[in-house]
Amino acid sequence: MPKKKVPLFKVAREVLKYTFICWPTATSFYLLIGVTLGVLTGLSVWVMQFAFDSVTELAAGGRTMEAAILPVILLIVFLTSQEAVIALYTYYMNTIEARMHGFMSRKVAEKTAKLEPVLFEDPQMLDDINKASEGTSQAFGVGNTIISATTLYLPYIIIIAIYLYNLIPLLTLVILLTFATKMVALVVRSKLYMDLEEQSAPLRRKRLFYEDAMIGRQYFKETRQLGIFGFFKGKYMTSVHLLNRETWKADARAATFDLITEILNGINDVIILYLLFHSLQNGWITVGAFAAVLASVNELSDMIEELISDHFTVVAEDLGKISYLIKLFDLPEKTGEDREVNWRGTVEFERVSFSYPNAQHPSIDDVSLSIKNGETVAIVGENGAGKSTFTKLLLGLYEPTSGEIKVDGHAISTVSPEKLYKGVSAVFQYYQRYQLTLEENIRISDSGGEADLVPLMEQAGVDWESRSYPEGTETMLSREFGGIDLSGGQWQRVSIARGLYRLHDLIVLDEPTAAIDPLEESRLYEKFAEISKDKTSVIVTHRLGSAKIADKIVVLDKGKVVETGTHQELLANKGQYSEMYESQSSWYMN
Amino acid sequence: MILEKRVYTIFDLIKLSFKVAPTLAVVILVSRLMVALSGPALIVVTAHFINTSLAVVNEAVSPEQMVLPIVVLGLLSFLRQVVNVSNKYIKSKFLIQTRLSYRVELVEKRGKLAYRYIEDPDTYDLIKRITDSADTQIIDQYQNVLSLIDITIQVAGILIILLVNVWLVAPIIVLFSAPAFYFGAKAGKTVYEAERDVSKVERKAVYLAEVSSGRDAVLERTLFGYGDKVTRELWNRFEYVRVHKQAARKKTDTQLAISGMLTVVTAGSVMLVLLQPVATQLISVGLFISLTTASISLSNTLGGWLPNVLSKFTKDVEFLKELSQFAQLEEVEDALLSPHSTDFIFEKLVFKQVSFTYPGTEKKILDNVSFEIKPGKHYALVGENGAGKTTVIKLLTGQYLNYKGDILLNGKELKEYSSSDLKSVFSIAYQDFAKYQLSIRENIEIGDLESTTDDRLFKAISDFKLTDLINKLPKGVETSLGKITEDGVDLSGGQWQRIALARTIMNPAPIKILDEPTAALDPMSESRLYEQFEQIMEHTTSLFISHRLGSIKLADEILVFDKGTIIEQGRHTSLMAQKGKYALMYQSQLEWYKKDESEVKADA
């Protein structure tokens, strides 16, 4: 994502906007309740004064019992209704927060679905997208701070300030001072913890890894077998000690700063008490006002504390993640003309090159070739030759850095995703293991598809009637969600069924049998040949032997096409293919 | 020891903190009690302050009398703040102690667990829940109990003050604050249960969010265009969770609001009742005012804070149940020790009618399997997925002990060897070998930390053709791998595999096992690697597992597994002659390389 910082103002505006869009009626109501609560809480100080004054007069014998009861009842009614409004306010806050979390997750999902897939290959970008996803649960917190600060806290503070100013003008100043010291403390704290985060992040990564190396699932058996738990524990303890030292340094500093703030506040409290007493003594204020201020000063200070430490601090911490969210929404989407692509036409690569973001060398380097309708093309080459990248370009998932890919004579880079992918399918090398049911796992490739699953599963070798799938096609393929675990080979078959399920004129099969045992593998390749008879298919494979079924073999090396032709032609060429083939087959021939 | 094999009870909410850091726990207890007690004290002092002020105004006493109440009041509120701040220091110290004791004990316990737990998802979830909250759980649960005590003291304080002054109203307060406690406790439980009920749907929603915006699924998501559908599903689930929780909250919030209002009305009624004593000066105006303000703020606490404290309490009790379960999981003796460095001389390994079923399942993975491994020979295990090859390795290394039959190592039952004995017998390259984020040197040397030398290290490096790679790296063998350090380098799959194999031969254990460490390689590279390995391991006992029959036919003995039994066994040539399953598998792979007529011509 662009390095540029999103202005705070914009973050605030956007978050507020989404809070409203997510649930207009509830949010409006929430605002209304907020203002009511703020005003009610502010006004309670007057009511309190009124009640206390009448009680004092009653004690002094200046009032009858009946005259004193009414103000007290008024105070009770006031406080009771305040209680009800608080309950309403909290209820709405929690509810809107929950909806907002889902809403922002949906927004992020909608947006990321429209991004160029190649963006996910850029580690920096990926990091940013992850941070944005984490921001979905915090978006409301930031919006809510702005909302509650303006609807709840602002009216309250203004009312109290007016009250205090009318009573003893100096008090307003003292309270302003409280506010100021707390704000300064907030700024200092967040700076302190930001520095800590920066310094301790590498340490924390280390500690996490060493812990993982001792007990994480992917390291467990090897660490135990090698007997190197102690080796990692030594490293782990060192990083824990270092981390503890850093944390303690920051915590101790923050706490010291808090202590100073509290001492200042303590002095402030004494000044307020003295001011109150002094005003009372001089008859500037009544006993009721005196008591009401005493009560409300504490409440005010609590409210300010709440606003700052519960709201502002959290915002300071989360604002970063939220700004990634806003940045994500601003990213350009993959768009294009609404034009049908005829995948039955010839696919032509015209001097196509492609480099991954930040890569120094192109992964596909000046490739020109054409694939005709109905052809079976095998892509071969060593690890890292660019085979998978080639197929991603072919499918239109990545756009060439230079050159053009044409299908049926038209460039595909200008077509909208909805139209572009209609008519193509794929079984990817890193196929997905969706934690869904077997049926969902297959049907996910084509939301409008209605094809019968049974023949498909048979072709792909998914033994859905066996004991591996206790509930047939309804079996949940995830232990976490109350289902079962499949083996690697079974998963691969499911992914093949998935690829075949999608209506297609062209299909890419990227090492579709890597996890399948030899007997099955041969059977599957025969099936592929049968299924793809009148369709274009592009098969990436390591096993040169299996490339024989192809009408055309493309040999890639370091991103370049070094040879193309049929199996026989390539063998006769005595080039790279024949060399690889001889070497592989020699393992079986001797 | 904080983690012991026992049942943790409700007392452990407090006791565990005293085990982690006794002094700090005492300091926390004392300071929290001080704050709690300062609440009732504040009521009395405030009353005194107001009364004295009034007396000064009425010129009943001299203004100097005010100094004491002002100072005491100032000190009291100051004390509360200072204790709050010092609690932050203490919490930081406490967390440091936790990371050095409890957390380390958790890690060690996990490290010692019997292997079956690691592969069991339910236990794994339990373990994860325990360790995720490791740092903060102990102090948080302690503080929560103290909060409960705090609230109780506040209520009791007001009651006692009332009791002393106008004893009649005290029972009324008890009567009317009871609903707050009752509904508070109930709300805590309801909220906890609602959260638990929807947690599965919530996890699914989070999973779908990952599918629709994570990196793993990006290609399928784009090509298959299921983004919209999944997004809709995830929104439905989020909404389901919200609506479900909202329903629970609506109920509890209403109850709490009513009980809160009831508390306020009670406090108000007390005020009304007190009017008479105030009028007759049975109680002072100061006490009236300070009691009133204290009750108002207390009723807020009862409504807002109490349910949170109680729901946390419910969760903490659940946590202790899980901690008890975790603490009682079975451990493996010696699991954490390094290999016994005594030079083990390998003579013979015999599988005698071994059968095995994974715990919690019924299917026999191994069924009456017998074979023999002799020193200096190469063995290969072949067969379809799930035929039992990898299970053999798991039994050999002592990961599972509940097998039937005998496994005899040098004539002695395998179960009688300790875990650290077995570590010095087998050196294994796994299919999912570990990619340790250490330096290249460390990655290889951890195969033999006891007696590693630079000579052996560089021999292993050159044996697996890693020299060129290392020469290209700026820091050579000291280069860190992975991403935990700034200058870390990431290797390709093939390069990692070579490092893992170098580690395997660095390991002095006499039996080398290769469990498909080359699955991600193209067949050419795999064949080359196996060839190299056999050269390097010429006089060492080795056990290979592979799907690609071309790579293992040089083995001295090939064991063909099918549905948990060995169906064929012998050299490549004799197995081919048998025309059984092996020959069939080999043929099918060979098919791909068989030259048909035209090719033969082309060759000529």
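Residues numbered from 1 in each chain as written. Chains lettered and ligands numbered in written order. Predicted model: local features only at pLDDT ≥ 70, side-chain atom pairs only at ≥ 80, totals over all residues. Heavy atoms only, no water.

## Side note on the overall build of chain A
Tallying secondary structure elements over chain A gives 17 helices and 10 strands in all. Scaling as 2.2 N^0.38, a compact globule of 590 residues should have a C-alpha radius of gyration of about 25 Å, whereas chain A reaches 35 Å, well beyond that. Overall, the C-alpha framework of chain A stretches about 120 × 55 × 50 Å when taken along its three principal axes. Going through the 590 residues of chain A one by one, you find that 55% of them count as buried. Sequence separation of at least 24 residues holds for 75% of the intrachain contacts in chain A that already meet a minimum separation of 6. About 24500 Å² of surface is accessible on chain A, with carbon and sulfur atoms providing 57% of the total. (Helix = DSSP H or I, 4+ residues; strand = E, 2+ residues; numbered from the N terminus. Rg over C-alpha atoms; globule rule 2.2 N^0.38 Å. Buried < 20%, exposed > 50% of the residue type's maximum accessible area, 1.4 Å probe, protein only. Contact = heavy atoms within 4.5 Å. Areas by Shrake-Rupley, 256 points an atom, 1.4 Å probe, with all protein chains shown as cover.)

## With respect to the overall build of chain B
Of the regular secondary structure elements, chain B holds 22 helices and 10 strands. Its C-alpha atoms give chain B a radius of gyration of 36 Å, more than 25% over the compact-globule value 25 Å for 604 residues. Buried positions account for 56% of the 604 residues belonging to chain B. Long-range contacts, defined here as pairs at least 24 residues apart, represent 73% of the contacts in chain B between residues at least 6 apart.

## Some details on the UniProt feature "transmembrane region" (unreviewed entry) in chain A
Residue and element names in this part refer to chain A. The positions UniProt marks with the feature "transmembrane region" (unreviewed entry) are residues 21-48, 68-92, 139-164 and 170-188. Spanning residues 68-92, this segment combines 100% helix with 0% strand, and its end C-alpha atoms are found 37 Å apart. With 100% helix and 0% strand, residues 170-188 has its two end C-alpha atoms placed 28 Å apart. (UniProt positions renumbered as here; feature names shortened; annotations may be inferred.)

## Regarding the packing of helix H4 (residues 102-112) of chain B against helix H6 (residues 121-132) of chain B
Residue and element names in this part refer to chain B. Contact pair H4 / H6: the axes reach a minimum separation of 11 Å and the direction vectors enclose 165°. By the angle between their axes, H4 is roughly antiparallel relative to H6. Pair H4 / H6 crosses with left-handed handedness. In contact with Tyr-102, Leu-106 and Arg-110 of H4, H6 contributes Tyr-124, Ile-127, Ile-130 and Thr-131. For the contact of H4 with H6, a count of residues per class yields 5 nonpolar, 1 polar and 1 charged. (Axes fitted to C-alpha atoms, helices over the stretch in contact; angles between N-to-C directions. Parallel < 35°, antiparallel > 145°, perpendicular 65-115°, else oblique. Left-handed = near helix turned anticlockwise from the far one by under 90°. Nonpolar A, V, L, I, M, F, W, Y, C, P; charged D, E, K, R; others polar.)

## As for helix H4 (residues 123-135) of chain A
For an α-helix, the turn length of 3.6 residues means that residues three or four places apart are oriented alike. For H4 of chain A, with 13 residues, the first-to-last C-alpha span of 18 Å sits near the 18 Å given by 1.5 Å per residue. Along H4 of chain A, the positions that sit buried rather than exposed are Met-125, Leu-126, Asp-128, Ile-129, Ala-132 and Gly-135 of chain A. (Expected span 1.5 Å × (residues − 1).)

## What about the confidence of the model for chain A?
With 98% of its residues at a pLDDT of 70 or more, chain A has an overall mean of 87. Of all secondary-structure elements in chain A, the lowest mean pLDDT belongs to helix H15 (residues 518-531) of chain A, at 76, while strand E1 (residues 347-354) of chain A reaches the highest, 95. (pLDDT = per-residue confidence, 0-100.)

## Remarks on the sheet that holds strand E7 (residues 511-515) of chain B
Residues and elements named next belong to chain B. Overall, mixed pairing links the 6 strands, which are arranged E6-E7-E8-E3-E9-E10 in an open sheet. Both edges of this open sheet fall to strand E6 (426-429) and strand E10 (565-570), since each of them pairs with a single strand only. Here the average twist between neighbouring strands, direction ignored, is 20°. Across the sheet, helix H12 (residues 389-396) touches strand E3 (378-383), E6, E7, strand E8 (541-545) and strand E9 (557-562), and the angle it forms with E8 is around 140°. (Pairing = 2+ DSSP bridges.)

## With respect to the confidence of the model for chain B
For residues with low pLDDT, the predicted coordinates do not support detailed interpretation. Per-residue confidence for chain B averages 85 on the pLDDT scale, and 95% of its residues sit at or above 70. Scored by ipTM, the complex comes to 0.87, with pTM at 0.82.

## Some points on unusual backbone geometry
All names here are of chain A. The backbone phi angle of Lys-558 is positive, close to 50°, even though this residue is not glycine. By secondary structure assignment, the location of Lys-558 is in the loop between strand E9 (552-557) and strand E10 (560-565). Take Lys-558: its relative accessible area is 67%, and that puts it in the exposed class. Within the chain, Lys-574 stands out as a residue other than glycine whose phi angle is a positive 55°. Exposure remark for Lys-574: the relative accessible area of 52% places this residue in the exposed category.

## Focus: the packing of aromatic side chains
Under the counting rule described, the total for this entry stands at 31 aromatic pairs over all chains. Taking 5.5 Å as the distance between ring centres and 90° as the angle between the ring planes, the aromatic pair formed by Tyr-91 of chain A and Tyr-92 of chain A counts as edge-to-face. Taken together, a centroid distance of 5.9 Å and an interplanar angle of 75° make the contact between Phe-18 of chain B and Tyr-142 of chain B edge-to-face. With a gap of 124 residues between them, Phe-18 of chain B in helix H1 (residues 12-20) and Tyr-142 of chain B in helix H7 (residues 134-165) connect regions that are remote in the sequence. (Phe/Tyr/Trp six-rings, centres within 6.5 Å; stacked < 30°, edge-to-face > 60°.)

## Here's the deal with a nonpolar patch on the surface
Residues and elements named next belong to chain A. On the surface, Leu-43, Trp-46, Leu-154, Ile-158 and Ile-162 cluster together into a nonpolar patch covering about 430 Å² of accessible area. Looking at the nonpolar patch, the elements with two or more residues in it are helix H2 (24-59) and helix H5 (139-167). Counting residues per element, the nonpolar patch draws most heavily on H5, which supplies 3 residues. Within the secondary structure layout, Ile-158 lies in helix H5. (Patch = residues over 30% accessible without salt bridge, like charges linked within 9 Å, V, L, I, M, F, W, Y side chains within 5 Å. Salt bridge = Lys/Arg side-chain N within 4 Å of Asp/Glu carboxyl O.)

## Examining the interface of chain A and chain B
The partner chain B presents 155 residues to the 154 residues of chain A that form the contact. Taking both sides of the interface into account, the surface hidden between chain A and chain B amounts to around 14300 Å²; carbon and sulfur atoms contribute 66%. The three residues of chain A that bury the most area against chain B are Gln-225, Trp-587 and Tyr-588 of chain A, which together make up 7% of that side's buried surface. One can count 10 salt bridges joining chain A with chain B. One salt bridge connects Arg-498 of chain A with Glu-220 of chain B, and the closest N-O pair in it is separated by 3.1 Å. At the boundary of chain A and chain B, one finds 34 residue pairs in polar contact (both at pLDDT 80 or more). Looking at which element gives the most residues to the side of chain A that touches chain B, the answer is helix H8 (residues 229-281) of chain A, with 29 residues. Taken together, the residues of the side of chain A that touches chain B sort by class into 83 nonpolar, 39 polar and 32 charged. (Buried area = accessible area lost by both parts, 1.4 Å probe. Polar contact = N/O pair within 3.5 Å; in protein donor to acceptor, adjacent residues only side chain to side chain.)

## Focus: the sheet that holds strand E6 (residues 423-427) of chain A
Picture the strands of a sheet paired through backbone hydrogen bonds; they go either parallel or antiparallel. Residues and elements named next belong to chain A. With respect to topology, 6 strands assemble into an open sheet ordered E6-E7-E8-E3-E9-E10, the strand pairing being mixed. Edge positions in the sheet fall to E6 and E10, since each has one partner strand and no second. Strand-to-strand twist in this sheet, taken as the mean axis angle between neighbours without regard to direction, amounts to 15°. Pairing of strand E7 (residues 504-510) with strand E8 (residues 536-540), which is carried by 5 bridges, proceeds in the parallel orientation. Within the sheet, the bridge partner assigned to Leu-506 lies in E8 and is Thr-536. Strand contacts of helix H14 (residues 488-501): E6 and E7, with the helix running at about 175° to E6, the strand carrying the most contacts.

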